[in-house]
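What follows is the residue order along each chain.
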Amino acid sequence: MPRANPGCALTADDLERPDPEALLKQAQAEERRKRRGELRIFLGLAAGVGKTYTTLEAAREQLAAGRDVVVAYVETHGRAETAALLAGLPVIPRRRLDYRGVALDEMDLDAVLSRRPGLAIVDELAHTNAPGSRHTRRFQDVEELLDAGIDVYTTLNIQHVESLNDVVAQITGIVVRETVPDRVLEEADEVILIDLPPDELIQRLHEGKVYVPDQATHAIEKFFRPGNLTALRELSLRYLAQRVDRQMRTYMGAHGIPGPWPAGERVLVCLGPGPLAEHLVRAGRRLAASLDAEWIALFIETPDHSRLSESEREHIARALHLAEELGARAETLTGISPPQEIVRYARAHNVTKILAGASLRPRWERLLRGSLVEWIIRHSENMDVYIISTPVGTPRPVATSQDQHPASLWPYLVSTSIVALVTILGFLIHGRLEPTNLTMLFLLAVVIVALQWGRGPAILAAALSVAAFDFFFVPPRFTMAVSDTQYLLTFAGLLVVGLVISALASRVREQVRAAHEREASTAALYALSRDLAAASGVPGIPEAVARHVTSVFGRHVAIFLPVGDTLDVAFQSGDFPLDTNERAVATWVFQHGEPAGRGTETLPGSSARYLPLKTAQGIRGVLGVRPADPGDPALSPEQRRLLEAFASQAALAIERAQLAAEARHVQVLQETERLQTALLNSISHDLRTPLASITGALSSLAQDGGSMDEPSRRELLDTAKDGAVRLNRLVGDLLDMTRLEGGALRLRKEPSDVQDLIGTALTQLGETISGRPIEIDIPPGLPFVPLDFVLISRVLVNLLDNAVKYSPPDSPITIRARAVGPNLEIEVADRGPGIPESDIPRLFDMFSRGRRSAHGGVGLGLAICRGFVEAHAGEIRAENRPEGGLGIAFTIPLNGEGPRQSGGADERAGSSHPGNR
């Protein structure tokens, strides 16, 4: 009987309120339609029902309506009425491929993309492309057309739907190899059923309208039987009815239409390491689709997982991958008891239906070891359990790869030797202990063997211990007879305890092995993460990733990163081919964000496997992995998962480095903007003032120059000259800072006399220091110093000009030069008020002026001084003097050694450019 599910009372307003989830699905579907083309699938129960004919009729209608329609690929199968519909429709020429001397025609995908029509007609959606094509399957070609914004009309038979593959094989006795994932039909904008009664379809076969006569006769005998066609017709009708029902309920929910809403269902598919796994996945997909329920594919990884053969692991990987393709949430959990973990997971995730496969193990093994299905049935309260039987032709499980190898005899010999040693020890102490106490020695031997050598040798040790104890220590001795029946209990206890201990020890060993494997994977990820965190920027990341991939997987690696509009090789290791084909595969992966190449269904002819370095923000690059030897085995499922984890870590590291670089660039831009703002604010007044004085003086001379007396004219000319000089100094300072910031300053060093240097600076200041006492302190014997005479003289000019501005008119200015170690030190000191201590660290910054300054100025003079001094490998500093005033001193190496800044013009301005403090 069906269960009653508890619910909650709904008001009329609740019934009329739109369902948020339905609204979200509808919004997502509309958003997807905006980004991609429209897909219309003409679905039929079998070949010959008229799918291609109906598709071409629809194409002609669209062409008549003014749409840009092309025939990308249509197979007429020799049908005259179908070929007649092609007349007048633009046809894209097919691409011819040569495969083993046979010419094969395929759809020219690139030509269709270049033509970029509004609607493309693509026949036979489930077709497998010829080797050498970009994609393995034609539905992948169609998806690329849809992603390019091209509408597609295509055809499909119901037997090619992936989730119905087993059902079709059971109905027809024929396994269809070419299938299309259900998601393609679910994402289609419209699925149109082309229906035809079986009798009419068989009649068309007899008339030669489906196949040529010989093929038609064979098809009627094998496939097109009335019973088969009737079943396929029902299957297609039911499939489309379920789709229409889902669309109807989505519409009702989005528009708040009241109706009977079924209780939510969740289906759990239990997967195992056998050939039944994929059959279970398809059955789970059909059940979930019929219930419109969420479904989960679950695999429990036990400690025995490491003992599975490669084929069994591949069964699991393929089943999980198929479940994901069919829309399931595939999960892998670690546990000791699969049935307990399954029931625990089902209860935690509100699962209502569990699908499990019938056991393929012999009955005696199920009786001894228990049955997973029976355990689930006993403990799955309020959950329906579906048992899926084994399909006809499914092979029985065979021994694992480890079981197929001959076991080593060494552990069994050691086990026998230990029992023999314990027996000898028992002889030595036999007279001092009761015989039953000797069983502890044999039990200890079983424990040691079980812990060191596993289950088989431990079982042998337990059996030998019972036999040795009976033969050597139980009366009558040296016989297998037992006079006291109490010893039978001792034998049974010794044997059972030995077997239990051996089983537990074996399980512990398997758990330790599994833990070591997980630890190795975790350690590899940790080491990669550590090196990626320590990598300096994007250039260091590819090398770190390649080093770890090569170390863990033994593969050659190539990493591609985008550079502008192209994909460039950032790192290449080993003998990794980088021809045009390999680069094309990497480019495709970067553009589509899906794996491709060796071992995938997209471009499998490539020699390497390519993974996108994808994050939530986009695709950051491509990782290519190639075997060192073409004969090397393919990566195992566990290795593929670890490699995908490596790719994710690499993508995140590249994204982090790129974001950090972008942040630094933004910071530089912000700093540049701040400097530009400060520059404009600082020079606006200093530019306007001399320009205004020059303009005013020249305007007065132009208007009244003839009637003006000589003193007045001279005064106006002096005003214009002073303004021009100030403007020249300001422009010179700006040019000097530009050269310094751009690294375009070139030094011209020559041995110079310090006295000449100071004299030149005083001469350049001229009237600025007129009447100001100057104290010069130069010790005798000061050597010539290699320096750029023009630049250092301008440093002195700026320092003296600042000292004049910021000290009383009658106070002296001191110039002191001396040798301090390997350097020449020159100091300019005034007797002014000094500056606040908090302003000293910023004194040599651009546009910096003291807060107590009452003078104008841009604030570039001292910044220029610092630039010129540092260009000589020197230093400049400022400090308030104890006796009052400010002292600014700079040092230059006496030997003239220091970095030379290259580039730029070698221009020197003859006038001084003093700045402001």
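Quick caveat: nothing in here was measured; it's all calculated off a predicted structure.

Calculation notes
- Residues numbered from 1 in each chain as written.
- Predicted model: local features only at pLDDT ≥ 70, side-chain atom pairs only at ≥ 80, totals over all residues.
- Heavy atoms only, no water.
- Patch = residues over 30% accessible without salt bridge, like charges linked within 9 Å, V, L, I, M, F, W, Y side chains within 5 Å.
- Areas by Shrake-Rupley, 256 points an atom, 1.4 Å probe, with all protein chains shown as cover.
- Salt bridge = Lys/Arg side-chain N within 4 Å of Asp/Glu carboxyl O.
- Helix = DSSP H or I, 4+ residues; strand = E, 2+ residues; numbered from the N terminus.
- Pairing = 2+ DSSP bridges.
- Axes fitted to C-alpha atoms, helices over the stretch in contact; angles between N-to-C directions.
- Contact = heavy atoms within 4.5 Å.
- Buried < 20%, exposed > 50% of the residue type's maximum accessible area, 1.4 Å probe, protein only.
- Lys, Arg positive; Asp, Glu negative; His and termini not counted.
- Charge placed at Lys NZ, Arg CZ, Asp CG, Glu CD.

Draft legend 1. Inspection of a nonpolar patch on the surface at higher detail. Together, Leu421, Ile424, Leu425 and Leu428 give the surface a local cluster of nonpolar side chains, amounting to about 430 Å² of exposed area. Relative to the helices and strands, Leu428 resides in helix 18 (residues 410-429).

Draft legend 2. Inspection of the sheet that holds strand 24 (residues 886-893) at higher detail. If you trace the 5 strands from one edge of the open sheet to the other, you get 19-21-22-24-23, paired in mixed fashion. Each of the sheet's edge strands pairs with one partner strand only, and the pair in question is strand 19 (774-777) and strand 23 (875-880). For this sheet, the mean angle separating the axes of adjacent strands, direction not counted, is 15 degrees. Sheet topology note: the strand 21 (residues 813-820)/strand 22 (residues 823-829) ladder contains 7 bridges and is antiparallel. Bridge assignment links Arg816 to a residue of strand 22, and that residue is Glu827. Against the sheet, helix 27 (residues 789-805) engages strand 21, strand 22 and strand 24, with an angle of about 175 degrees to strand 24. On the sheet, helix 28 (residues 861-871) packs against strand 23 and strand 24 and is oriented at approximately 140 degrees with respect to strand 23.

Draft legend 3. Summary view of helix 6 (residues 138-147). Of all 10 residues making up helix 6, 9 are buried, and the element is well covered by its neighbours. Directly beyond the C-terminal end of helix 6, a positive phi value near 85 degrees is found at Gly149.

Draft legend 4. Here's a closer look at the environment of Gly867. With respect to the element layout, Gly867 can be found in helix 28. Using a relative accessible area of 14% as the deciding quantity, one classes Gly867 as buried. The spacing of Gly867 and Val795 is 72 residues in sequence and 9.5 Å in space, taken between C-alpha atoms.

Draft legend 5. Representation of helix 7 (residues 165-172). For helix 7, a buried count of 6 out of 8 residues is recorded, marking the element as mostly surrounded by other parts of the structure. Those residues of helix 7 not exposed but buried are Asn165, Asp166, Val167, Val168, Ala169 and Thr172. Trailing helix 7 by a residue or two, Gly173 shows a phi angle of about 75 degrees, which is positive.

Draft legend 6. View of a negative patch on the surface. A grouping of Glu715, Asp718, Asp722 and Glu767 is seen on the molecular surface, where their side chains present a negatively charged patch. By the secondary structure assignment, Asp722 is in helix 25 (residues 710-742).

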